[in-house]
Amino acid sequence: MNVIEGKSLQVSDAIIACQLDGKGGVIPIAENDVINCDRPCWLHLNYTQQRSAEWLQSTHLIPDAVRDGLAGDSMRPRVSRLGDGFMITLRSVNLNSDSRPDQLVAVRVFINDKLIVSTRRRKVSAIDDVLIELQNGNGPVDCGGWLVDLCDTLTDHASEFIDELHEKIIALEDALMDQQVPPRGELALLRKQLIVMRRYMTPQRDVYARLASEKLGWMDDDERRRMQEIADRLGRGLEDLDSGIARTGVLSDEIASVMAESMNRRTYTMSLMAMLFLPTTFLTGLFGVNLGGIPGGEWHLGFGVFCLSLVVIVVAVAMWLKKRKWL
């Protein structure tokens, strides 16, 4: 396949349909164009849209083996080599306004030296970033550069989110030093985000390393070197995730310790209060019985003397507790 007819790339609900111009920019694809495959074409689709789904199942431009993969069957990051091309599934931090960043979005890519077909369901900000660079004339000039730029942008977004998680951990640690316990559920959400990122970024790092090691004509040595650097950078992010998971475990133990200490302190205080008033409770119970012979029952100063005696007893018990260093 040395040329592609423009009409074979016409999908009415396509998000992006263009050709790299080889100078860092893009040119549109018209229906009557006969496209020279020296410069790759890029088609970006939402596979949940009807026309895009029909095109994925009927086009002769992609192998049969990748049709289901591009249509959303694969979720975990993975890469499969198909002749001179790749079928790649990658995950991106979710930067959409109605979602949390840890609710990762997937982008699926079939790429060779002539054609790039990428699909998604939810918006992937990294794709938009690559397109903006192309529209500004500063983008990739070939398929290898496009793939490296996409992976680099995905890793940038992941690294920024990992840094945010790191800052949250530091804030929780500082607050805990001041005996401030975080709101219920905050630490659990933070730990969940760390684990989710660890789960998906580990195979994604392996995908980058695999791409860096493959020998393909449309990826030169410089692009493979850049891809390896991206894999190494994501690997350092994974180390931060591992340390973050360990630190949240320590935080969880420390929070439990602080809460237990607070509860013990309250229980201790209540026990001391009960002990402080135990003798007076005994005396008031004893003198409160409705029987004859209570001392001072007929004396007009009896109640005052009795109250004064209770105060003296409370003070004496308090001094005894203080002497024993219980107060």
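One can find the structure itself at the top, above this paragraph.
The following refers to the structure shown.

About the criteria used
Residues numbered from 1 in each chain as written. Predicted model: local features only at pLDDT ≥ 70, side-chain atom pairs only at ≥ 80, totals over all residues. Heavy atoms only, no water. Helix = DSSP H or I, 4+ residues; strand = E, 2+ residues; numbered from the N terminus. Rg over C-alpha atoms; globule rule 2.2 N^0.38 Å. Buried < 20%, exposed > 50% of the residue type's maximum accessible area, 1.4 Å probe, protein only. Contact = heavy atoms within 4.5 Å. Areas by Shrake-Rupley, 256 points an atom, 1.4 Å probe, with all protein chains shown as cover. Lys, Arg positive; Asp, Glu negative; His and termini not counted. Charge placed at Lys NZ, Arg CZ, Asp CG, Glu CD. Phe/Tyr/Trp six-rings, centres within 6.5 Å; stacked < 30°, edge-to-face > 60°.

**Things to note about the overall build of the protein chain**
Here's step 1: A count of helical and extended segments in the protein chain gives seven helices and nine strands.
Here's step 2: Taking 2.2 N^0.38 as the reference for a compact globule, 327 residues should give roughly 20 Å; the C-alpha atoms of the protein chain span a radius of gyration of 35 Å, well beyond that estimate.
Here's step 3: Overall size of the protein chain, expressed as C-alpha extent along the three principal axes, is 120 × 40 × 35 Å.
Here's step 4: Buried residues in the protein chain amount to 44% of all 327 residues.
Here's step 5: Taking as baseline every contact in the protein chain between residues at least 6 positions apart, the subset at least 24 positions apart corresponds to 68%.
Here's step 6: Taken as a whole, the protein chain presents about 17,700 Å² of accessible surface, with 54% of it coming from carbon and sulfur.
Here's step 7: Distance between charge centres in the protein chain, computed from 37 positive and 44 negative side chains, equals 7 Å.

**A look at helix α3 (residues 125-135)**
Here's step 1: Three or more residues of α3 are buried, namely Ser125, Ala126, Ile127, Val130, Leu131 and Leu134.
Here's step 2: Where α3 is buried, its residues meet β2 (16-20), β3 (26-28), β5 (41-46), β8 (105-111), β9 (115-120) and α4 (143-177).
Here's step 3: Of the residues trailing α3, Gly137 is marked for its positive phi of about 80°.

**Some thoughts on the packing of aromatic side chains**
Here's step 1: Within this structure, the stated rule accounts for two aromatic pairs.
Here's step 2: Considering the side-chain rings of Trp42 and Trp146, the 5.3 Å spacing of their centres and the 70° angle between planes classify their relative orientation as edge-to-face. Of this pair, Trp42 sits in strand β5 while Trp146 sits in helix α4; the two residues are 104 residues apart in sequence, bridging distant segments of the chain.
Here's step 3: Look at Trp42 and you get buried, because its relative accessible area is 1%.
Here's step 4: Of the residues examined, Trp146 reaches a relative accessible area of 0% and is grouped as buried.
Here's step 5: Ring geometry for Phe86 versus Trp218: centroids 6.0 Å apart, planes at 75°, classification edge-to-face. Here Phe86 is found in strand β7 (residues 85-92), whereas its partner Trp218 is found in the loop between α5 (186-213) and α6 (221-287), with 132 residues between them in sequence.

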